[in-house]
Amino acid sequence: MEIVNAVNSDIVTSTKIVWALVVPLIGAICVSMTGKKPNLRESISVISAVILCSTVLTMVSPVLDGKIFYYQLFKILPGITVTLRADAFSMIFALVASSLWVIAAFYSMGYMRGLHEHAQTRFNTCFAIAIFGAIGVAFSDNLFTMYLFYEIVSVCTYPLVAHHQDEEGYEGAKKYIVYLTTTAKGLLLPALAIIYVMTGTLDFPYNIQDGMFAADANGAIVTMLFIFCLFGFAKNGLMPVHHWLPGAMVAPTPVSALLHAVAVVKVGVFSTTRMMLYGFGTDTMSALNLGIPTAYFVGFTIVMASVIALTKDNLKARLAYSTVSQLSYIMLGVCLLTPHGIAGGLIHISNHAFSKITLFFCAGAIYVATRKKNISEMSGLAKTMPFTFGAFAIASLSMIGAPPVAGFVTKWELLVGTIESGSFGIILVLLASTLLNVAYFAPVTYKAFFGKRPEGEPYEGIKEAPLSMVIPLCTCCFISVIIGIYPNFFMNLVKAVIG
Amino acid sequence: MDFLIMNEGFPLLSTLVFLPLAGAFVLLFLPGENVQRIWTMIITTVTAVISFSLYTGFDSTTAKYQFGEHVSWIPSLNIYYTMGIDGISLLLVLLTTFIMPLCVMGSWTYIQKRVKEFMICLLIMETAMVGVFMALDFVLFYVLWEAMLIPMYLLIAVWGGPRKVYASIKFFLYTLSGSVMLLVAIIALYLHTGTFSIPMMMGQDYSNTMQIWVFLAFFLAFAIKVPMFPFHTWLPAAHVEAPTAGSVILASILLKMGTYGFLRFCLPITPLATLSLGPYILWLSIAAILYGGFTALAQSDMKKLIAYSSVGHMGFVTLGIFFLNKQGLEGAILQMINHGVTTGALFLCVGMMYERTHSRELADHSGIAQNVPIFVSFLTVFSLSSLAFPATNSFVGEFLILASAFSENKIIGGAAIPGAILAAAYMMRLLQYVLFKGPGRPDLADLNVREIATLAPLLVFVFWIGLAPEPFLSVLHTSVDYLLQQVDVAKSAQMAMVMLP
């Protein structure tokens, strides 16, 4: 290990970060080659997930001590490299993605086998490559590397969305790829080229203040680039480029759970916030007054998506719109540009991930156990599926932001941040969204626990989903509670980002 | 002869030019189709191996033409056999010698009738193509330029598809009419300078009017070859009807002759005309990018889809050339190589499937991913490369061109972006068909070892150029700098003339 240079922390060249990146890739290759033997195939998935997760975990404490892992893989052009970096910000996302892959690997085994799905090898392979992409985005040291892995995630999740290979699947997948590649090619690619022309490099600095642009850079162009990045990373689900997300819910539930509540959408939000904090920097953002107007803009998405969620009877669709709304919390927090605001936004990356994956896991478990997709058909089911609906209730409390579940920490930090920034309109947004969250989550739980089964549809034959699904969902729910009561694990990383 | 570094010892360039021709001559007497195939394979491979020593012996610190050969040919008319290569032609020569063995491998079983004649055509093509990139005498250049036409015509007209007569004649007429204009320009320049030496024609103070006319004549010849919108209509017809090897040669190398012509002749010989007419060509390039993209999106024939995508990709190349800055030119030259690698590979892929299904329709190949996984893996990578996926070769070239566009003119840069989106759209559409839609074809066999060996080298280059393009770009720097300097000198000379009382 050699020390490259010292900014505020030590930058250490280490191949460990490369290993973390290639583990899911090797996993994907092995999975694709062992397709004929389901047991071996799924063991490989789980083993690679465990190796990845433990590798990432070993990096946490050095990063908390102020170290930054760094490794340059390829040099493309002067100022454009494929370089990996693991700093505190990367670790938040890498931890979430890698730990949830372990849980999701177990869950998808139960789900896919429970439903006798076809093409499970392709499914597992693409799943692992998607994780590879997500980890790559987390560990990106520059905009080019981020763009590279961002596109890898887009392409390799396409087969997952189209998994059922029916008309609905193709429609959803088409919408998915059209939205994601059009925004990436149409907005990100020119943004990359313009930034490269302006600054001669695409490297991110090591703190959240400076940004990539010189102080005398043309404000109008920087503002334009900011807008390009905001909509270019369309995986962040910001309105009006959010349509792909509900469309992609035709995918099998493990995909919806891990990819469309965690990996894919978080890749979008992570990239957007990385670009805001490190690409533009808080100094540039406040100098050009980009923070609060953007906060109001994403505030619109928060409220609007919640209102749409209210109208959806399909549980996964409701969760999808809830995701659209919750993702904007993260961007809203960062746009406040106050320490508590940024903390609230970043901590929501992990809080939302654990809670939302629980909700999706529950939706999948309900489907496997009862083949029910609509909320109106779920009355009274909690009597026979107490664990699933119990977990659902707790996770929805987290979405609402009630203590002691994870979401409360977010809400608290965001409210403090809003008051710090002095924009009280945002408080109204947060309050309205909380009420709307209650309005669309509470009925689900209420009906399940206290509703009656409709005439002619008895409980007979309905029981909890297989253990390989119930245990993961309960684990995620448990973690949601733990990080609500002891938020310090992720909070320390967030504090290291803010400095 | 101060522009030429003479070759000492072994005449490398002449060997590369005449070895395939000699091979073709020997082929006349060889019996047996397999012997003929193997012989052609040996000749093209040996040529490729020899050409590699051009790269190792190349001095990238000088802009002069290297490995020079200069022999008197027709003294009374001042015509010489002059050959030499600089950074711009080096990569194109290597691309040619490298693609040819793959063409032979790709036609191993595809061509079943008149194998000997087919291989002879391929070898003569190689001689002409390699020679065009090396010739430094205009008459030599023109002879080789025209010499390419006949074997290419035969490749389409004899071994082509159902509408081969229409396609081959259209190809011939279009290219020939362009060549005639080239001849006119050559004679006009000769009358003015008294020499046919290309480097000696550069940097002369031709009048503005003459430059415009010569430029237009050049432009017509090269724009048809590229082909630039609206001179592109021969290309889809030729591609669709040509056999695989013909399509690959056409896409990978023949199209590059047009853009090579712009670089070698238009910019240094008629710099003032380039400066005044360049902006119009930029918009023509944008038209090509968008037109090629939209038309490719509407195709149901895979070869046509790739042919129209070529129109769009070559639009990016001309866009890079006529911004007249370093990034753009280097991006354009790299993109020429990239297009050769990627589109050549895509045509090889389509040819391999055509051998099995006797169809090029997307609908006939829907859902074959489950039956031919190896083939589909190759196709996926090459398609991604074609849509300029990051970390593949085309991204580097396209990014350099876009960066130069945004540094010179943001409006034109912005106008090119829909082209990038369209590239993603039509390639994703192709992939969606092949990977998913439809029931699949259980009767298809996956690629055999020979076919994998044909595609694998191209795959290596896709990632090599995509991840570490430095070895390819480093040979360009000096030559591109010198080219820009030639244009700048003309520009400042003209400004000085205007300033004079």
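That block above? That's the structure.
Overview of the structure. Keep in mind that this is a model prediction, so the values were computed, not measured.

A separate point is the interface of chain A and chain B. With 32 residues of chain A at the interface, the matching set in chain B holds 31 residues. Where chain A touches chain B, the interface holds 0 salt bridges. For the side of chain A that touches chain B, the elements supplying multiple residues, two or more each, are strand S3 (67–77), strand S4 (80–86), helix H5 (143–161) and helix H6 (167–199) of chain A. With 13 residues, H6 of chain A is the single largest residue contributor to the side of chain A that touches chain B. Of the residues belonging to the side of chain A that touches chain B, the class tally is 24 nonpolar, 4 polar and 4 charged.

What follows concerns the packing of aromatic side chains. As enumerated under the stated definition, the model contains 54 aromatic pairs over all chains in all. Note on phenylalanine 229 of chain B and tyrosine 291 of chain B: the rings are 4.9 Å apart at their centroids and 40 degrees apart in plane angle, and the pair reads as tilted. Within this pair, whereas phenylalanine 229 of chain B is found in the loop between helix H9 (208–225) and helix H10 (234–241), its partner tyrosine 291 of chain B is found in helix H12 (residues 271–297), the two being separated by 62 residues in sequence. Among the residues examined, phenylalanine 229 of chain B registers a relative accessible area of 23% and is labelled partly exposed. By way of ring pairs, the aromatic residues Phe138, Phe141, Trp145, Phe215, Phe218, Phe219, Phe222, Phe231, Phe262, Phe265 and Phe322 of chain B are connected into one cluster. Sitting above the plane of the tyrosine 278 of chain A ring, arginine 274 of chain A keeps its charged end 4.7 Å from the centroid. For the cation-ring pair, arginine 371 of chain A lies above tyrosine 367 of chain A, with the distance from its terminal atom to the ring centre recorded as 5.9 Å.

Moving on, we come to the packing of helix H9 (residues 253–287) of chain A against helix H12 (residues 339–370) of chain A. Each packed pair of helices is defined by two parameters, the angle between the axes and the distance between the axes. Residue and element names in this part refer to chain A. Across the interface, H9 lies against H12 with an axial gap of 8 Å and an inter-helix angle of 170 degrees. Relative to H12, the element H9 is oriented roughly antiparallel. Residues Thr253, Ser256, Ala257, Leu258, Ala261, Val262, Lys266, Leu277 and Thr282 of H9 lie in contact with H12, whose contacting residues are Ile342, Leu346, Ile349, His352, Ala353, Lys356, Ile357, Phe360, Phe361 and Gly364. For the contact of H9 with H12, the per-class residue count stands at 12 nonpolar, 5 polar and 2 charged.

The next point concerns the sheet that holds strand S3 (residues 79–85) of chain B. Residues and elements named next belong to chain B. In space, the 3 strands of this open sheet follow the order S1-S2-S3, with mixed pairing throughout. With partners counted over all chains shown, the strands left at the sheet margins are strand S1 (4–6) and S3, one partner each. Adjacent strand axes in the sheet meet at a mean angle of 50 degrees when their direction is disregarded. In terms of strand pairing, S1 meets strand S2 (residues 65–74) through 2 bridges, oriented parallel.

Turning our eyes to something else, we now look at the nonpolar core. One finds Phe139 of chain A together with Phe138 of chain B to be the most contacted residues of the largest nonpolar core, which totals 385 residues. When sequence neighbours within four positions are dropped, the list of residues in contact with phenylalanine 138 of chain B reads Ile186, Leu189, Phe196, Ile198, Met201, Phe218, Phe265 and Ile269 of chain B.

All names here are of chain A. Structurally, the position occupied by valine 497 is in helix H17 (residues 488–498). The exposure class of valine 497 is buried, given its relative accessible area of 6%. Taking C-alpha positions, valine 497 is 33 Å from threonine 125, a pair spaced 372 residues apart along the chain. Once residues within four sequence positions are removed from consideration, valine 497 is found in contact with Ala88, Phe89, Ile92, Ile208, Tyr278 and Leu346.

By the definition in use, this model includes 11 salt bridges over all chains. The residue aspartate 87 of chain A makes a salt bridge to arginine 274 of chain A at a minimum N-O spacing of 3.1 Å. Here arginine 274 of chain A lies in helix H9 and aspartate 87 of chain A lies in the loop between S4 and helix H3 (88–114), a separation of 187 residues in the sequence. Each of the two residues, aspartate 87 of chain A as well as arginine 274 of chain A, counts as buried. A salt bridge links lysine 326 of chain B to glutamate 330 of chain B; the nearest nitrogen and oxygen atoms lie 4.0 Å apart. Remark: glutamate 330 of chain B and lysine 326 of chain B occur in helix H14 (residues 326–357); sequence separation between them is 4 residues, near one turn of the helix. Under the relative-accessibility criterion, glutamate 330 of chain B is labelled buried at 6%. One connected set of salt bridges, linked through shared partners, spans Arg85, Asp87, Asp141 and Arg274 of chain A.

Residue pairs spaced three or four apart in an α-helix point in one direction, given the helix's 3.6 residues per turn. Residues and elements named next belong to chain A. The end-to-end C-alpha distance of helix H1 (residues 16–33) is 26 Å, a good match for the 26 Å that 18 residues give at a rise of 1.5 Å each. Valine 22 marks the point of greatest bend in H1, at about 30 degrees, and the proline proline 24 comes within the next four residues. Residues Ile17, Val18, Ala20, Leu21, Val23, Pro24, Gly27, Ala28 and Val31 constitute the buried set of H1.

Residue and element names in this part refer to chain B. If you trace the backbone, threonine 244 turns up in helix H11 (residues 244–269). Given a relative accessible area of 2%, threonine 244 falls into the buried group. For threonine 244, the contacting residues outside a window of four places in its chain are Tyr110, Lys303, Phe347, Leu348 and Gly351.

Let's shift gears to the side chain of threonine 121 of chain A. Residue and element names in this part refer to chain A. Topologically, threonine 121 is positioned in helix H4 (residues 120–138). Note on threonine 121: relative accessible area 19%, which makes it buried. Dropping the residues within four chain positions of it, threonine 121 is found in contact with Val31, Ser32, Gly35 and Arg41.

Here is what the cut-offs are and how they apply
Residues numbered from 1 in each chain as written. Chains lettered and ligands numbered in written order. Predicted model: local features only at pLDDT ≥ 70, side-chain atom pairs only at ≥ 80, totals over all residues. Heavy atoms only, no water. Contact = heavy atoms within 4.5 Å. Salt bridge = Lys/Arg side-chain N within 4 Å of Asp/Glu carboxyl O. Helix = DSSP H or I, 4+ residues; strand = E, 2+ residues; numbered from the N terminus. Nonpolar A, V, L, I, M, F, W, Y, C, P; charged D, E, K, R; others polar. Phe/Tyr/Trp six-rings, centres within 6.5 Å; stacked < 30°, edge-to-face > 60°. Buried < 20%, exposed > 50% of the residue type's maximum accessible area, 1.4 Å probe, protein only. Lys NZ or Arg CZ within 6 Å of the ring centre and 35° of its normal. Axes fitted to C-alpha atoms, helices over the stretch in contact; angles between N-to-C directions. Parallel < 35°, antiparallel > 145°, perpendicular 65-115°, else oblique. Pairing = 2+ DSSP bridges. Core = buried A, V, L, I, M, F, W, Y, C linked by side-chain atoms within 4.5 Å. Expected span 1.5 Å × (residues − 1). Bend = angle between axes of the 7 residues up to and from the residue.

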